[in-house]
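# A closer look at the structure
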Amino acid sequence: WSHAMLTNHVPELPDIVRWVGLTPYFTRIFNSAEIGYEKPHPCAFQTVMKAMGVPDTCWMIGDSYEADVVGAETVGIPAILVRQRHLMASRYAETLWDVPRIPAAWRRINSSRDIPAPNSSTLEQRPPIERPANSIVQISPVMRSMRSSA
């Protein structure tokens, strides 16, 4: 897997990630201030997918139902909600350590049904959704866990 971070956090986030030693775990960090779109806008996700080479399989992992889950699923990317339970989220992990079990379980359940794995083929098929002018800045789950353990 290649890992990219898409965040509505401050533009200095790459420096923070580097400072806490997480840079080696991410191929690239995308910030809404730099790409021009905040999550949940579909163009935020589309920009990342295009820059990453439109991988065959992609998952969004985030702690905001609206920004991360709804935003990703709008463009066809399955999403896993972490730490913030929401009744509408179809996939949930209590911690980041629980996340790897979800894609593996999805593949086992659907392997006998001839259902293709989630991919980015729907990126260009859905029209952009208008979002409110104001949005809430979301701290990525990685940074929140680092902050709370300090």
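The structure presented is a predicted model; accordingly, all values stated were derived computationally and were not measured.

## Topic: the pattern of salt bridges
Tallying each qualifying case throughout the model produces three salt bridges. Across the salt bridge formed by Arg 18 and Asp 15, the nearest N and O atoms sit 2.3 Å from each other. With Arg 18 and Asp 15 both in helix H1 (residues 13-19) and three residues apart, this pair spans about one turn of that helix. Judged by its relative accessible area of 48%, Arg 18 is partly exposed. Among the salt bridges present, the one from Asp 68 reaches Lys 39, with a minimum N-O distance of 2.6 Å. Here the residue Asp 68 occupies a position in helix H4 (residues 65-74), and Lys 39 occupies one in the loop between helix H2 (32-35) and helix H3 (42-51), the gap between them amounting to 29 residues. For the pair Asp 68 and Lys 39, a shared accessibility class is recorded, and that class is buried.

## Observations concerning the sheet that holds strand S3 (residues 60-62)
Strand order in the open sheet formed by three strands is S3-S4-S5, with parallel pairing between adjacent strands. Taken across any chain shown, the strands that pair with only one partner, and hence form the sheet edges, are S3 and strand S5 (92-93). Note that S3 and strand S4 (residues 79-82) share three bridges and pair parallel. Counted as the bridge partner of Met 60 is Ala 79 from S4. The sheet strands contacting H4 are S3 and S4, and the helix crosses S4 at an angle near 170°.

## What about the nonpolar core?
Formed by 16 residues in total, the largest nonpolar core has its most connected members in Leu 6, Phe 45, Met 60, Ala 72 and Ile 77. Of all the secondary-structure elements, those providing two or more residues to this core are H3, H4 and S4. Of all the elements, H3 adds the most residues to this core, at four residues. Here Met 60 is in contact with Lys 39, Phe 45, Asp 68, Ala 72, Ile 77, Pro 78, Ala 79 and Ile 80, once residues within four sequence places are set aside.

## Details of the environment of Met 49
Within the secondary structure, Met 49 is located in helix H3. Residue class for Met 49 comes out buried when judged on its relative accessible area of 3%.

What counts, and where the lines are drawn
- One numbering rule holds for all chains: residues counted from 1, following each sequence as written.
- Side-chain atom pairs in this predicted model are given and counted only at pLDDT of 80 or more, local residue features only at pLDDT of at least 70, and totals for whole chains, interfaces and linings cover all residues.
- By convention in this description, side-chain values take in all heavy atoms of the structure and omit both hydrogens and water.
- By definition, a salt bridge exists where a carboxyl oxygen of Asp or Glu is found within 4 Å of a side-chain nitrogen of Lys or Arg.
- By the criteria applied, helices consist of DSSP H or I runs no shorter than four residues and strands consist of E runs no shorter than two, each listed in order from the N terminus.
- Type-normalised accessible area, obtained with a 1.4 Å probe on protein chains alone, sets the label of each residue: buried when under 20%, exposed when over 50%, and partly exposed for intermediate values.
- Strands are treated as partners if at least two bridges between them are detected by DSSP.
- Should any heavy atoms of two residues lie within 4.5 Å, those residues are considered in contact.
- The axes used here are C-alpha line fits, helices contributing only the stretch in contact, and every angle between their N-to-C directions lies in the interval 0 to 180 degrees.
- Definition of nonpolar core: a set of buried residues of the types Ala, Val, Leu, Ile, Met, Phe, Trp, Tyr and Cys, connected through side-chain atoms within 4.5 Å.

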